[in-house]
Amino acid sequence: MRKIFLIFRKDFLVEWRSKQIFPTMFVFSLLLLLIFNVAFEFRSDINFRAVSAVIWITFIFSGLLALGRSFSLEKENNAFAFLLLTPVSRSCIYLGKLLSNVVMVLLSELFILPLFLLFFLLNAKGISLSLTGEILPFLGVVVLGTIGFVSLGTFFSSMALNTKLRDMMLPLLVFPLIIPVVITSVGICSSILEGKPFGYYAFSLQVLVSFDIIFILLCSILFEYLIEDSGD
Amino acid sequence: MQPGVLAIETKGLEKQFGFFPVLKGIDLAVGQGEFLTIFGPNGAGKSTLLSILATFIKPGDGEAFVAGFDVSREKQRIRKLIGFISHNTMLYENLTAWENLEFIGAFYDVPNLRNRCSDVLKKVDLYAGKDALVSTLSFGTRQRLAIARTLLHDPGILFLDEPYSGLDYGGAAILTSILGSMKTDKTVVMTTHNVFEGLSLCDKVAILDHGEVVYVSEQKPGRDEFQDTYMSCVRSGDGR
Amino acid sequence: MRKILFFLTFALMVLATWMTLFYAPTEIVMGHVQRIFYFHMGTVWAATVAFTVVFVASIYYLVKETAKWDTLAYCSAEIGMLLLTLTIITGSIWAKPVWGTWWTWDPQLTTTFILWVLYAVYLVLRSGAGGRGKKARYSAIFAIIAYVDLPVVYVSARIKRGISPVVFGPGGGGIDPAMMHTLLVTLLGFTLLFVLLLGERRRIMNMENALYARGGRGG
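Quick caveat, the model's predicted, so the values are computed rather than measured. (Residues numbered from 1 in each chain as written. Chains lettered and ligands numbered in written order. Predicted model: local features only at pLDDT ≥ 70, side-chain atom pairs only at ≥ 80, totals over all residues.)

Caption draft 1: The arrangement of the overall build of chain A in detail. Looking only at helices and strands, one finds 9 helices and 0 strands in chain A. Reading chain A from its N terminus to its C terminus gives the helix and strand order α-α-α-α-α-α-α-α-α. In terms of C-alpha radius of gyration, chain A reaches 18 Å, essentially the compact-globule figure of 17 Å for 232 residues. Projected onto its principal axes, the C-alpha positions of chain A cover 60 × 35 × 30 Å. Scored against the burial criterion, the 232 residues of chain A give a buried share of 44%. By sequence separation, contacts in chain A at least 24 residues apart represent 85% of the contacts at least 6 residues apart. (Helix = DSSP H or I, 4+ residues; strand = E, 2+ residues; numbered from the N terminus. Rg over C-alpha atoms; globule rule 2.2 N^0.38 Å. Buried ≥ 20, exposed ≤ 12 C-beta atoms within 10 Å, placed from the backbone. Contact = placed C-beta atoms within 7 Å.)

Caption draft 2: Main features of the interface of chain A and chain C. Chain A puts 27 residues into the contact, and the matching count from chain C is 31 residues. Those elements that provide at least two residues to the side of chain A that touches chain C are helix 7 (169-177), helix 8 (179-193) and helix 9 (198-227) of chain A. The leading source of residues in the side of chain A that touches chain C is helix 9 of chain A, at 9 residues.

Caption draft 3: Expanded view of the packing of helix 2 (residues 21-40) of chain A against helix 5 (residues 90-121) of chain A. All names here are of chain A. Running from amino to carboxyl end, helix 2 crosses helix 5 at an angle of 30 degrees, the nearest separation of the two axes being 10 Å. On the basis of their axis angle, the class for helix 2 and helix 5 is roughly parallel. Every pair of crossing elements has a handedness; the one defined by helix 2 and helix 5 is right-handed. Note on element contacts: helix 5 touches helix 2 through Met-104, Ser-108, Phe-111, Ile-112, Leu-115, Phe-116 and Phe-119, opposite Ile-21, Phe-22, Met-25, Phe-26, Ser-29, Leu-30, Leu-33 and Asn-37. (Axes fitted to C-alpha atoms, helices over the stretch in contact; angles between N-to-C directions. Parallel < 35°, antiparallel > 145°, perpendicular 65-115°, else oblique. Left-handed = near helix turned anticlockwise from the far one by under 90°.)

Caption draft 4: Spatial organisation of helix 4 (residues 113-123) of chain B. Residue and element names in this part refer to chain B. Turning to helix 4, its buried residues are Cys-117, Val-120 and Leu-121. Projected onto a plane normal to the axis of helix 4, the buried residues spread over an arc of 100 degrees and lie on a single side. For helix 4, the secondary structure elements touched by its buried residues are helix 3 (97-107) and helix 5 (139-151). Positive phi shows up at Asp-125, right after helix 4, with a value of about 65 degrees. (Arc of directions from axis to C-beta.)

Caption draft 5: Quick peek at the sheet that holds strand 3 (residues 35-39) of chain B. All names here are of chain B. The strand order across the open sheet built from 6 strands is 6-7-8-3-9-10, with neighbouring strands paired in mixed fashion. Two strands bound the open sheet, and with one partner strand each, they are strand 6 (82-86) and strand 10 (212-217). Strand-to-strand twist of the sheet, defined as the mean angle between neighbouring strand axes without regard to direction, takes the value 15 degrees. Pairing of strand 3 with strand 9 (residues 204-209), which is carried by 4 bridges, proceeds in the parallel orientation. Residue pairing for strand 9: Phe-39 is matched across the bridge by Ile-207. (Pairing = 2+ DSSP bridges.)

Caption draft 6: The sheet that holds strand 2 (residues 20-30) of chain B, seen in detail. Residue and element names in this part refer to chain B. An order of 2-1-4-5 is seen for the 4 strands of this open sheet, with the pairing classed as antiparallel. The sheet is open, and its two borders are formed by strand 2 and strand 5 (69-70), each paired with just one other strand. Where strand 1 (residues 8-17) lies against strand 2, 8 bridges are found, and the strand directions are antiparallel. Among the inter-strand pairings, Lys-15 is bridged to a residue of strand 2, identified as Leu-23. On the sheet, helix 1 (residues 46-53) packs against strand 1, strand 2 and strand 4 (63-66) and is oriented at approximately 60 degrees with respect to strand 2.

Caption draft 7: Spatial organisation of unusual backbone geometry. All names here are of chain B. The backbone phi angle of Asp-154 is positive, close to 50 degrees, even though this residue is not glycine. Although it is not a glycine, Glu-162 sits at a positive phi angle of roughly 45 degrees. Turning to its location among the elements, Glu-162 is positioned in the loop between strand 7 (157-161) and helix 6 (169-182). Looking at Glu-162, the number of C-beta atoms within 10 Å reads 20, which means it is buried.

Caption draft 8: Inspection of the pairing of strand 9 of chain B at higher detail. All names here are of chain B. Most of strand 9 is tucked away: 5 of the 6 residues are buried. Strand direction decides the pairing type here: strand 9 and strand 10, joined by 5 bridges, are antiparallel. The residue bridging Leu-208 from the neighbouring strand is Val-213, located in strand 10. Taking the residues that link successive antiparallel strands as the turn, the strand 9-strand 10 hairpin has 2 residues, and the phi of His-210 there is positive, at about 50 degrees.

Caption draft 9: Here's a closer look at the nonpolar core. Ranked by size, the top nonpolar core spans 191 residues in total, and within it Leu173(A), Leu53(B), Ala50(C) and Ala73(C) carry the most contacts. At 16 residues, helix 2 (residues 36-64) of chain C tops the list of elements feeding residues into this core. Those residues in contact with Ala73(C), other than ones at most four positions away along the chain, are Val54(C), Ala57(C), Ser58(C), Tyr61(C), Ala140(C) and Ala143(C). (Core = buried A, V, L, I, M, F, W, Y, C linked by C-beta atoms within 7 Å.)

Caption draft 10: Broad picture of helix 6 of chain B. Residue and element names in this part refer to chain B. The end-to-end C-alpha distance of helix 6 is 20 Å, a good match for the 20 Å that 14 residues give at a rise of 1.5 Å each. Those residues of helix 6 that fall on the buried side of the exposure criterion are Ala-172, Leu-175, Leu-179 and Met-182. Relative to the axis of helix 6, the buried residues are bounded by an arc of 90 degrees and lie together on one face. Opposite its buried face, helix 6 presents the exposed residues Tyr-169, Gly-170, Ala-173, Ser-177, Gly-180 and Ser-181, each directed more than 90 degrees away. (Expected span 1.5 Å × (residues − 1).)

Caption draft 11: Main features of the packing of helix 3 (residues 67-99) of chain C against helix 4 (residues 107-128) of chain C. Residue and element names in this part refer to chain C. Packing of helix 3 against helix 4 leaves a shortest axis separation of 10 Å and a crossing angle of 145 degrees. For the crossing formed where helix 3 meets helix 4, the hand is left-handed. Counting all contacts with helix 3, which are made through Tyr-74, Ala-77, Gly-80, Met-81, Leu-84, Thr-87 and Ile-88, the residues of helix 4 involved are Thr-112, Leu-115, Trp-116, Tyr-119, Tyr-122, Leu-123 and Arg-126. Residues of the contact of helix 3 with helix 4, tallied by class, amount to 10 nonpolar, 3 polar and 1 charged. (Nonpolar A, V, L, I, M, F, W, Y, C, P; charged D, E, K, R; others polar.)

Caption draft 12: Here's a closer look at the confidence of the model for chain B. Here chain B averages 86 in pLDDT, while 97% of its residues score no lower than 70. Interface predicted TM-score (ipTM) for the complex: 0.91; the corresponding pTM is 0.89. (pLDDT = per-residue confidence, 0-100.)

If you want it as C-alpha cells, here you go:
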C-alpha cells in the first residue's frame, strides 16, 4: 500500500515540475467542448442524453491523450526500466500508476465541469440542480466512469508506447473495450439530469462498478506479463 | 547469498530476437567475489547477456542462475541481490538527486533509508548537490548518482553494462576508484569493448563474439598480450 | 488424418447445404429467406468457438511462452474474423426482409459488432506491435481482456435499449424436428470446417516461420 502511494507521490512531483499533462488535458477538453457547442448549437431545447454524451466524449478523449503522455514521461531516460529492476511487485506498479492517473484525470475533469455547466446546462429548460439531488450523484458517476476508462487506459498506454504505431495504438485498443463504461456512464448521467429516481439507473450503476472491479483486478494480474520484456 | 554457490552460472544459454540468434549457447561461471570483464565488439551479445542476468529480459533456451536462483523463475529474489549500472543512467529528470534515491530505496525496503541515502551520496561525493534536479546535472555527475542509487541496498552482485562509455577522463577515473573500493566484497560482471578500462580492475576475462564465448581466461592477462588475443578472436565485420 | 477430416467436412457441408435447401421445411412467416439462418447460426457458432480457442491459447501462451500457442491463437483469430464477417453479412440479408432493416443496434448485434471490432484491433495490433515475442505477448494479453470484456458489453448493451425481444427463428421451444436436424448438422459441419481451416492455416504459418528462420531475418 505504501509503495502504491510512493509511486503516486512521485508522479505528482514530476507532473508538478514539468506541467505537461494537466494543462494539455485542460486546454484540449476546453476545445472539445467548444467544438461540440458550435456543432450542436444547443439553445434551450437541450437533449440531456446528447449533453451527457458530450461530457463523456470530452473526458475520454482528453483523458486518453493525457494517459499516453503520462507513460511516455515515465519512459523518458528509461527511469521506468530501473523501477522494474527493483523487487517491487508488478501489480503494485500498475496500481500506483492507476492511482496517479485517476487523480490527475479527475482533477482536470473537476476544472472542466463548471465550464460544461456554463456552456450547456445553464440555459436548459426543465433542469433543477441541487447539491444532493443531482450534483453529488453526477460527480460520483464521473469518478466511477473515470476509474473505468483509466484502468484500461493506464494498462494499454504502456503497451501502445512499445508498439510501432505508438500513440496511434492507444485509442484503437481502448475504445472498443470501454464501450460498457460509455453506455452506463452516459446513461446514468442523462438519467440524473432528467431527474429520474435512483432505481431507474441502479442496474447501470452495478454494471459500471463491476466493470471497474473486474478490469482493475485483471489488469493488475496481467501487468506482469505486459511489462516483462522479451527483448525484441 | 549462500556460501559455496556460484554467483553467476549459465549453461547453454541462448536467446533469439525474432528469428535472429543473439546468444548461441553461453557457458559461464563466476565465483563469489570475482570480477569478470566481458569484452566484445558491438552486437556481440554482451548487453543482452547482462540484461538476462539482471532479469531485464527473458532468457531463451538453456539455463542461467544468479546466486543460485533461476533467472526465469526466481526474478524477485535475484532483484534483491543485484545492482545494475549502465551508460544509460535511468534517472528521473524532474526529481532531485535525493528524491531519486529516496524513491528507489523504498522499493528495496532499505532500513533507515534517509541515513543510507546520505551515506551513499557522501560516498560518491554528491552530498552537497543532493537537492539539484537531475536535469541540471552533467553526465558524469548523473553517472555517480546512478552508482549511489545502486549501492543503496548494498547488492552482493553488480552488473556494469559499458559503464565507461560517455564519461570523460575525469569521470572515468572517479568511476574506477569507486569500483576499486567496492571490489573487495562484491561480485562484479562488467561489459566493455575498451581493453584499457576493462583490464584495470578485473580478475578474469571472457571475450564474446557473434553470441559465443570465444575466449576465457581465469587469470588477468597482460595488456599487450591480451590486445593481440582480442584482435585475433574477434571476427571482422559489424558483429552480425 | 488430415484427409479423413477433409472428406468428412466436405461431406457434412454438402449435406448441410442440401438439408438447408431441401430437407428443412419452409418457415411459415418468413418464407424461404429463413433458410439462410442455418448458415448464419453455423458461422456465428464456429466464430464463437474460434474466439474461445484464441482466449484459451492466449492464456497458455502467457504461461508457457511457447510459439505454438501463439500460432494457434493467431490462426484461430483470423478464421474467426472471417466467420464473423460472414455471420454479419448473412444476418443482414436475413434481417432486411424480416425486420425491414439491414442493421439495428439491438444488444446481440451491438455485441457482435464490438466482437468484430475487437478482433480487427487484435489483428492490427499483431501487424503493428514489433518483434515476434512482443507481438505474441501483447496480442495474447489483448485477447484475454477482450474475451472478458464481451459479456460486460452484452449486459451493458441490454441496458441501452431496454430488454429487446428474443430473436425468433430456430432455437425456440416448438421447433420443427426437421429444422432442428438441419441446424445440428450445419453446426457440426461448420465446427469441422473451422477445425480443418485451423489445421491448414497452422501448417502454412509453420512453413512461413521455418522460412523466416532459415533466412535468419526477424519476422
